[in-house]
Amino acid sequence: MKKNSIIITLLISVFCGCSDSFLDVKPKAALSSTALQNAKGVNSLLIGAYALLDGWATPEGAYRSYQVGADNWVYGSVASDDAYKGTIAGDQPPISLIEQGNIASDNVYFRGKWRGMYDGIARTNDVLQLLPKVTDLSDAERTQIVAEARFLRGHYHFELKKMFNNVPYIDEVVYDPNNLESTKLTNTADIWPMIEADLKAAYDVLPVKQAQVGRPTKWAAAATLAKAQLFQKKYPEAKVLLEAIVNSGQYKLADKYHDNFRASTNNNIESIFEIQYSVNDGASGGENGNIGSTLNYPYGGGGVTTCCGFFQPSQNLVNAFKTDAAGLPLLDSFNSTDLLNDQGVESSVAAWSAATAYKKDAMVLIVDAAKTNKENLVYQALADNTNANPVTDAVNWKLKWAEADENLDPRLDWTVGRRGIPYLDWGVHPGKVYVRDQAYGGPYSPKKHVMYRSDVGTNTFAGNPRLNANNYRIIRYSHVLLWLAEVEVRLGNLENARGYVNQIRARAAKPEGFVKNADGTDAANYIIGQYTATWTDPAVALKAVQFEERLEFGMEGHRRFDLVRWDIANTTLNNYYLVEGTKRSYLKGVLFVTNKHEYFPIPIQEILNSQVNGQATLKQNPNY
Amino acid sequence: MLFRVIPMSIMLCLSSEMTFAKTKWEDTSEDPLSAAETSDPVSITDDPAEIIVSGKITDENAQPLPGVNVLLKGTTIGTTTDSNGEYKLTLADANGTLTFSFIGYTTQEVAIDNRSKIDISLNPDVVALTEVVVTGYGTQSKRDITGAVASIDNKQLLANPSANLGQALQGKVAGVTVGNENSPGGGVMVRIRGFGTINDNSPLYVIDGVPTKGNLNTLNLNDIESMQVLKDASAASIYGSRAGNGVVIVTTKKGKAGKPIFTYDMYYGTQRPGKLLDLLNTDEYAQLTWEARKNAGAVGSNGNPTHAQFGNGATPVIPDYIFPAGAMEGDPRVAQDANGNYVNYSANIDGADFNKTKWLITKANKTGTKWLDEIFNAAPIQNHQIGASGGNENGRYAVSVNYFDQKGIMIYTNFKRYTLRANTQFNINKRVRLGENFQIGYSERVGQPNGNSNESNPTSFAFRIQPIVPVYDVSGVNFGGTRGTDLDNSRNPVGDLYRNKDNIQKEVRLFGNAYAEVDIIDNLTAKTSFGIDYNIYNFRNYTIRDIESAEARGSNSLQTTNNFEWTWTWYNTLSYSLEFGDGHRFNFLAGVESIKDYFETFDASRTNFSSDDIENRYLSGGTGVQTNNGGASNWALASEFGKVNYSLKDKYLLEGTIRRDRSSRFSPQFRSAVFSAASAGWVLSEESFAAGWSTWLTRAKLRVGWGQTGNQEIGNYNALTIYATNPITSFYDISGTRTSAVPGYELTQFGNAKAKWETTTSTNIGLDATLLDGKIDVALDWYTRVTSDMLFPVPAPLTSGVATVPFQNIGSMRNRGIDLSLGYNGQALGNELTYTIGGNFSTYRNEVTKTTGNPATQYFGINDERIQNFVVTQQNYPISSFFGYKVDGIFQTDDEAAAAPVNNLGTNQNKAGRFHFVDVSGPNGVPDGVINTNDLSIIGSPHPDFTYGINVSVNYKSFGLTLFGQGVQGNQIFNYVKYWTDFPTFGGNRSTRMLYDSWRPGKTDAVLPQLTSSDQVSILPSTYYLENGSYFRMKNIQITYNLPKQLISKMGLGTVRVYVQSQNLFTITKYSGMDPEINLRSYTSGNDRQIGVDGGAYPAAKQYLVGLNLSF
């Protein structure tokens, strides 16, 4: 009997099943929103919101980082007259499609940018939602957190606005992370007022200096707000803000133009807002470096890196740096002839020897001692059995490339890597071996974001030097000056505008800022001067200001957006495609379509994912 | 691990000693003296009525059977047979009946009839051995089964050497689709009756009562006694929430009472690559490059293309050296000293003079390297299994050790496995039984770097690297590569594989259960079983710099990963059987089960190792960046279930099951779900009206079943919104230090507290028939499976930010199909020749019947390829349909092109020699005369019309012949490899098709557009990539020979069987890729939305084997 009751008790206990606590499991190495409801938690979320300034969010599929790079190299530069996609035809075809005007809503790049920016916005909203529940913060701290979060939210929306125009504004009121329908808003309303409101709120509160340089100051907010107003052609409003920045006395142009493009001079006197990059900081793949540009380095040649040959400056951009005898840009005729380049010239060209009979098409290198710079010259034989001195024999030889010849704006050789010119401290650019497929992408290399050889090991990621800590200066004092010049032209104060432009040119003209050869001589024939004649024609003045912006900010991802806001994208780009198509066959026949291509299409998958009750809430942009 | 082994061997010792002790006792009892000493004094009084009965018990092969129970019926008087199968029993009289019983044999009752010597031959219990199948939580007689259950015995499973039990199922069971990665130790896909959900479609495996969904590579296939596939819900519903994709029940070999049997089974063979791709040689490659560049106008000032290797002439010139680029013999850069050494050779790629005055000097391979031939080679495979089994009525054992070693046909890939299994069973007394089944496995695998179907794996590099590149540079030691200009960026696949050869994935797995059964009263049995699945994984993945590559790695690095996971499953059941009246038979089963799982992972990495020496490849050997990660997860499941079977006169059969599951994966309010099923069978051959059919109909049973099952594969914390920190995504250098970042937090997962169970409702109608006295067997099933509340991570609008999106209950999906299997058993030549012919046929039609409710909703399967998404899941189409443009030939003339719709996908598309894209639709759903993204549509399907398997087995005297073929008909493959080999994408090698079948003026039968190096439109996903994926493959041809008994018994052996075998001897297919057996791209869960895409898959090997089976 006793035995039986034991068995029965055992059976009952076994058969009663498990209690609910057996089924309670908790995620590991993760926190709930409640656990973050304190000063430390909300500040961590705010850092998380900053973390997307560099563009890198949660990886989803390949190629993400290039789609959201903070410098907008694809959308601002490759999609303009500044740069080619570069490398070879088959690599990253979505960029080729953008470059060639085949702009479609299913291009993964657009969704990538959209993803990065809205992720940043969601993170700012996470901060703003959590903040009221946090008790261990002073009012001042609270106000500061709100201001920084709103600055970031304004910035991310601004990026979307200039890309896509018709986008929804997501704030902490509508956003609900527990309801994924909450952000399915329409995109028909103009969000400029909301962007301005966020930036204005930041401007009103933020201090003029921040203890941590990565945080925006009052002037960073002012500059971003002014930029937003320029996009809306609100010139008087922008002028007030921009002049306030100038009058603050806090900023000045760095003595050397190139100090805006090297890691060792990050956050310098000219910098107003910078995207902070860091390496060897615990991110396993160097993701906090300038990963968006990781493809944009010379391809081979035993020099800088071995990959990937993207983002090659266009011939048109290079030509823009030609100057006249007075050192002024050739505003109208700059593109009528090409600056001589080494297209089709192998890096290893043998020196000319009178003892050799050269066959047709053979190339030789010769040093012309008569030239001031003792230039390296490459000649191509025009006939068989040629052995005359190429320099003197114009019948049998044709000049293919000369190292330094024409008058040039010195900023060219900080913007573009080209043969014969020192490539930072990597030695002289050797030409074709730095380029992956010269026949396809032309002879040039990008330069501004590239690290110095002396940075390798300290400011570069240990596993891959292409990830470096050379910050992207999204807004610097030179922007403020040239925007002011724009504003003054629009407001009819042409001479003020000339003054601002000349400030920029004066800095560029400082010889200590020129690219130098190893022997200390100038690497090319740099001739740059200021506009000395009075500006009387508003159209000419405007062209000069806009041209100056191109020269100063080339290859920095602004160009297409500037062309659109200046309303000259149509003429400029269609002229570009017409001429450049004769040099790069894939640009032949490309068209910028007015009332369509001013903005990129809303990513089709996002329209599909915006459905509420089977109806998409997002509307495609016109003519896509 | 070791401490587990010891108890097992103790158990073995115990059981064999018991046998020994008994034998001894029996022996001594024969000694009259000791018998007198030990006997009851009363019994030796001279009672004339007392008799002694003795005899010998043998098995069906006339071998003595030890351990047989001999009992005088109706008493407790009895004994067991000794090691010679002999018994002796002293009885009061000679009038009783003796009962001879032995596990696995039919019990016999024999009247003594005044005999003193009774020899008996016991016959195997046919019902027990062949007719009982293991179904949920118990066994069932096959004739009582009413659901759709397929059974495979170990002979069938072992017919094809394979590493994985899933792989062994291929083609054997109607309705089961099997795919595998082909690389040794690679992943396997098993799909039962189509694709029931758009997330994870793997079945549940229940091995000796222990469920697992994990990797099965560490389990030894040779230990399996039988496998049952529970295909429909009426059979599988007892496993409830995890049975939505069917259940595979695996039973491992148990010992049988009898004298110890030792077995040795082995095979050894070679595997050889089959068809590879037709790619260009060096001359052809240069020719194609020139033509494509000229057509694109990518030419220099002299009108010719410029190429660092091939020059700048009207025709390309193959150089003598590729690094330095384009160098010819005599060039001072490639000067050799008196000893033939290259004076400018240097492997120091970081040197300042590298690529200026020093090079990794590499000759051109002027004829062309056949890279696929370089990486695919003949490779050995072998398997050795030693087993011992035996025991008696009270204790039985089966132990085995196994060694399996498969080298891959891809060089330096391999899989090795060592397993030890010990299964034991004990009868403690008449009512209590104990037992355990345990396996310890250790495996080592070297896979291909970057995994299967990846653009950066060796298979892909073998077609992505130019033929001019040699395997080695002039040093003969260092690899040749793409360092020279214009060689593109492929890595040397031989180099990649060589450098990866010591990166071994090591796994230890402990899998098994212990159980106890108590017969509480007659026919009422309680069972408890505790199972454990414990897994340890270690992988040190060391990456050596590929100095010869165009995009060489900046440094060497090491990542070490250590994972462990345990799952325990404890179930308790009560079963009761009842028979009464006129043929009423009931079986009841009730049970509870709880499962708990915990997984923990840790990985760390470092860079910059001073030496690549294998002894230095540990984390502490690195001097560079250190990172580490760790995490864990857990889940639990609690369930109660019940089952009732009713049989009336063995003619009318009913079965009902019910199960309630509660899972930690759902929020408390949706945690619980009930799954039920019912089925009925009607043995119509037993009806009186069928009596007249008995000449041809031996037995026929009609089955009807309905039931529900579920799916809970939604990750472990789906209900919760989670925040986490990660240096990659949430750190920021707010202080501008350049080398440090401040930690931040981010929302990493959106929670969905409202998710509830996905339910699959299935209906099955089946017929089992045996015709012509067992000559013909037929099993036919028609089914429909409807999945509702389908769980899917619905893409969230990115306006909510980026985080893991939760599974939500959406839509529904339907599979309908037919499974048919047929068997014919024949005899000829006066029964000396016996043969069986078996075939199975299955077909399913999959349709996503609803997604979000909007037919336009599209879920894309692949979003990381170089061309846009080409696999889509959409309402009214099968899961994972192909998506792209339709190509209707090639424009032959500019006029024809001009008349066609404007192509806005690219400029200059409407001209002779370009693809003619079809104007499928405009923005309003009708053709609009413009080719743009509106013309993307569903263009094909990876799902076959049907699949089939054919099995022929012939036995003649001592010879046997087995043929097994398997095929798939009517599916399409998206041959993504063509992106690389057929279009001007990267600068890798191209197909001969691209050179010879591209359009040229007048070439009207061209399949590819005109060679144009800048053409970026023709590569868009289109019908061009689609190919017919049908194939028939001779999976197995085997000839066996059983050595004559007379010969082997002299050697002291029981049976000796030798065989020769060929696997995958031939394949009939039109598919142009290496292998038409293309299934998933990746064999981890959640990949069923990208079926049938060939991204450079590892091809199946042809195998030639010899094998031996011994027993004694």
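These lines cover the structure that appears in this document, whether it is placed above or below. (Residues numbered from 1 in each chain as written. Chains lettered and ligands numbered in written order. Predicted model: local features only at pLDDT ≥ 70, side-chain atom pairs only at ≥ 80, totals over all residues. Heavy atoms only, no water.)

### Section: a nonpolar patch on the surface
The condition is simple: Residues qualify for a patch when their relative accessible area is over 30% and they have no salt bridge, like charges being joined within 9 Å and the nonpolar side chains of Val, Leu, Ile, Met, Phe, Trp and Tyr within 5 Å. In these tables, accessible area is a Shrake-Rupley quantity obtained with a 1.4 Å probe, and a residue counts as shielded only by the protein chains included in the view. Criterion for a salt bridge: a side-chain nitrogen of Lys or Arg within 4 Å of a carboxyl oxygen of Asp or Glu. Helix and strand definitions follow DSSP, with helices as H or I runs of at least four residues and strands as E runs of at least two, each counted in order from the N terminus.
On the surface, Tyr268, Leu829, Tyr956, Phe959, Ile1039, Val1060 and Val1106 of chain B cluster together into a nonpolar patch covering about 650 Å² of accessible area. One can find Ile1039 of chain B in strand β50 (residues 1031-1042).

### Some details on the packing of aromatic side chains
The condition that has to hold: Any pair of Phe, Tyr and Trp rings, taking the six-membered ring for Trp, is counted once the centres come within 6.5 Å. Such a pair is stacked with planes under 30 degrees apart, edge-to-face with planes over 60 apart, and tilted for the rest.
Summed over the entire model, instances satisfying the criterion amount to 75 aromatic pairs over all chains. Ring centres of Phe158 of chain A and Trp192 of chain A lie 5.4 Å apart, and the angle between their planes is 75 degrees; on these two criteria the pair is classed as edge-to-face. With Phe158 of chain A in helix α7 (residues 139-164) and Trp192 of chain A in helix α8 (residues 192-205), this residue pair connects regions lying 34 residues apart in the sequence. Seen from their ring centres, Phe586 of chain B and Tyr646 of chain B are 4.6 Å apart, and the 35 degrees between their planes marks the pair as tilted.

### Focus: the sheet that holds strand β38 (residues 858-860) of chain B
Adjacent strands of a sheet pair through backbone hydrogen bonds, lying either parallel or antiparallel. All names here are of chain B. Note the following rule: We treat two strands as partners when DSSP finds at least two bridges between them. With axes taken as lines fitted to C-alpha atoms, and helix axes fitted only over the stretch in contact, angles between N-to-C directions fall between 0 and 180 degrees.
With antiparallel pairing, the four strands of this open sheet are ordered in space as β38-β39-β40-β45. Of all strands in the sheet, those bounded by a partner on one side alone are β38 and β45 (937-940). For this sheet the average axis-to-axis angle between neighbouring strands, irrespective of direction, equals 50 degrees.

### Describing the environment of Ala149 of chain A
All names here are of chain A. Rules: With a 1.4 Å probe rolled over the protein chains alone, any residue whose accessible area is under 20% of its type maximum counts as buried; one over 50% counts as exposed, and the rest are partly exposed. Contact between two residues is taken to exist if any of their heavy atoms lie within 4.5 Å; hydrogens are not considered.
Its place among the elements puts Ala149 in helix α7. You can call Ala149 buried: its relative accessible area is 0%. It is 28 Å that separates the C-alpha atoms of Ala149 and Arg559, two residues lying 410 residues apart in sequence. Among residues more than four places away in sequence, those in contact with Ala149 are Leu46, Thr124, Val127 and Leu128.

### Remarks on the interface of chain A and chain B
Interfaces are frequently sized by the accessible area removed from exposure as the parts join. Stated formally: Once two parts are joined, some of their accessible surface, as seen by a 1.4 Å probe, is lost; buried area is that loss totalled over both. Counting of polar contacts relies on pairs of N or O atoms within 3.5 Å, with two restrictions inside protein: one atom must be capable of donating a hydrogen and the other of accepting it, and residues adjacent in sequence are counted only when both atoms are side-chain atoms. Note on residue classes: Ala, Val, Leu, Ile, Met, Phe, Trp, Tyr, Cys and Pro are nonpolar, Asp, Glu, Lys and Arg are charged, and everything else, Gly too, is polar.
Of the residues lining the interface, 118 residues belong to chain A; the matching set on chain B comes to 120 residues. When chain A packs against chain B, close to 9,300 Å² is buried across both sides, 56% of that on carbon and sulfur atoms. On the surface where chain A and chain B come into contact, there are five salt bridges. Here chain A and chain B share 28 residue pairs in polar contact (both at pLDDT 80 or more) between them. Those elements giving two or more residues to the side of chain A that touches chain B turn out to be α1 (2-15), α2 (39-50), α5 (93-99), α6 (108-130), β2 (271-275), β6 (397-402) and α19 (604-608) of chain A. The leading source of residues in the side of chain A that touches chain B is α6 of chain A, at eight residues. Tallied by class, the residues present in the side of chain A that touches chain B amount to 53 nonpolar, 39 polar and 26 charged.

### A closer look at the sheet that holds strand β6 (residues 108-111) of chain B
Residue and element names in this part refer to chain B. Read across the open sheet, the four strands follow the order β3-β2-β5-β6; overall the sheet is antiparallel. Looking along the sheet, the strands with just one partner apiece sit at the ends: β3 (78-80) and β6. Between one strand axis and the next, the sheet turns through 20 degrees on average, direction left out of account. Note that strand β2 (residues 69-72) and strand β5 (residues 97-101) share four bridges and pair antiparallel. Paired with Leu72 across the bridge in β5 is Leu98.

### Some points on unusual backbone geometry
All names here are of chain B. Of note, the bond from Phe323 into Pro324 is cis; its omega dihedral lies within 30 degrees of zero at 5 degrees. Tracing the sequence through the fold places Pro324 in the loop between β18 (321-323) and β19 (362-363). Even without being glycine, Asp773 reaches a positive phi, approximately 55 degrees. Judged by its relative accessible area of 73%, Asp773 is exposed.

### Topic: the environment of Lys448 of chain A
Residue and element names in this part refer to chain A. Here Lys448 shows up in the loop between β8 (445-446) and β9 (460-461). On the accessibility criterion, Lys448 (5% relative accessible area) is buried. Through-space distance from the C-alpha of Lys448 to that of Arg262 is 7.9 Å; in sequence the pair is 186 residues apart. The residues contacting Lys448, other than those within four sequence positions of it, are Tyr257, Phe261, Trp414, Thr415, Asn470, Glu552, Phe553, Gly554 and Glu556. Within the structure, the side chain of Lys448 is placed 3.0 Å from the side chain of Tyr257, a separation counted as a polar contact. Reaching out from Lys448, the side chain makes a polar contact with the backbone oxygen of Glu552 at a distance of 3.3 Å.

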